[in-house]
Structures are given as C-alpha cells and as structure tokens.
Amino acid sequence: SCLPAMTEFRRASSAVEALERLVTELAGALAAGGEPSAEAREKFVEASSKLKEVLPVADKMRRKCEARAELEAIKAQLREKLPGAPEEAVKVAQELVDAEGEGC
C-alpha cells in the first residue's frame, strides 16, 4: 500500500530539511574564513550522512516519475492509434492482448 512509501517520503523529507539546515549553518561558519572549526567538521560529516540517506529515495522517486511520463506517452499513443477508445486505453489494450492469447 501507500503507507510504506509515505513513511519513506516523510523520512526523506525530514532528512532534506535537516540537510538544508546543516548546509546553511556550514555556509555561515565557512563564510567567516579561516580553518573550519571542529563543530563545522562535525556538521559536514552529519550533512554527508543525511545526503547519503536522501539519495536512494531521490533516485527511486526519479525512476517513478520517468515511468509515469513513459506511461502517459504510451497512453497518448494508444489514444492516437485507437480513436474513440475509452479513457482506460491501457486496460482495453491489455484486454485485447489477453483475448488474443486465449484464442491460441
């Protein structure tokens, strides 16, 4: 169901917010110039960890978006090739394929 995905999204969202805060703090600390403090180094390590946490979720979300875009393009092609087809063109096409398979 959508519950695990929502939990994953919320966890990633929290990590992104923490990462934004850390980067802002790091930018402020480094703007002062000189050698980074021990605290700044700790924040960098924490920011790196948060980034590693977010990257797999971002990659997964990107793949889902690409798949959705591909599906929508295929639906548009089906509507062009099957004028007057119902809105559920993918379902109708699958039913046609299934029906042809039954006749063999």
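Predicted model, so just to flag it, every value in this text is computed and none were measured. (Residues numbered from 1 in each chain as written. Predicted model: local features only at pLDDT ≥ 70, side-chain atom pairs only at ≥ 80, totals over all residues. Heavy atoms only, no water.)

Some remarks on the overall build of the chain
Reasoning step 1: When helices and strands are counted, the chain shows 3 helices and 0 strands.
Reasoning step 2: Tracing the chain from N to C terminus, the helices and strands come up as α-α-α.
Reasoning step 3: By the burial criterion, 12% of the 104 residues in the chain qualify as buried.
Reasoning step 4: Pairs at least 24 apart in sequence give 53% of the contacts found in the chain among residues at least 6 apart.
Reasoning step 5: Of the roughly 8200 Å² that the chain leaves accessible, carbon and sulfur atoms contribute 60%. (Helix = DSSP H or I, 4+ residues; strand = E, 2+ residues; numbered from the N terminus. Buried < 20%, exposed > 50% of the residue type's maximum accessible area, 1.4 Å probe, protein only. Contact = heavy atoms within 4.5 Å. Areas by Shrake-Rupley, 256 points an atom, 1.4 Å probe, with all protein chains shown as cover.)

Details of the pattern of salt bridges
Reasoning step 1: Under the defined criterion, the tally for this structure stands at 8 salt bridges.
Reasoning step 2: A salt bridge links E25 to K43, with the shortest nitrogen-to-oxygen separation between them at 2.5 Å. Separated by 18 residues along the polypeptide, E25 in helix α1 (residues 2-31) and K43 in helix α2 (residues 38-81) bring together distant segments of the chain.
Reasoning step 3: For R68, the salt bridge identified is with E72, shortest N-O distance 3.4 Å. Pair noted here: R68 and E72 are both in helix α2, with a separation of 4 residues, about one helical turn.
Reasoning step 4: Linked by salt bridges that have partners in common, R21, E25, E39 and K43 make up one network. (Salt bridge = Lys/Arg side-chain N within 4 Å of Asp/Glu carboxyl O.)

What about the side chain of K43?
Reasoning step 1: Judged by relative accessible area, K43 falls into the buried class, the value being 18%.
Reasoning step 2: Every residue in contact with K43, bar those within four places of it in the chain, is listed here: L22, E25 and L26.

Concerning α2
Reasoning step 1: Taking 1.5 Å of rise per residue, the 44 residues of α2 would be expected to cover 64 Å, and the 64 Å separating its terminal C-alpha atoms lies within 8% of that figure.
Reasoning step 2: In α2, a bend of some 25° at V54 exceeds every other bend along the element, and P56, a proline, comes one to four places later.
Reasoning step 3: Where α2 is concerned, the buried positions are A40, K43, A47, V54 and V57. (Expected span 1.5 Å × (residues − 1). Bend = angle between axes of the 7 residues up to and from the residue.)

Focus on the environment of R62
Reasoning step 1: Tracing the sequence through the fold places R62 in helix α2.
Reasoning step 2: Of the polar contacts made by the side chain of R62, one reaches the side chain of D59; its length is 2.9 Å. (Polar contact = N/O pair within 3.5 Å; in protein donor to acceptor, adjacent residues only side chain to side chain.)

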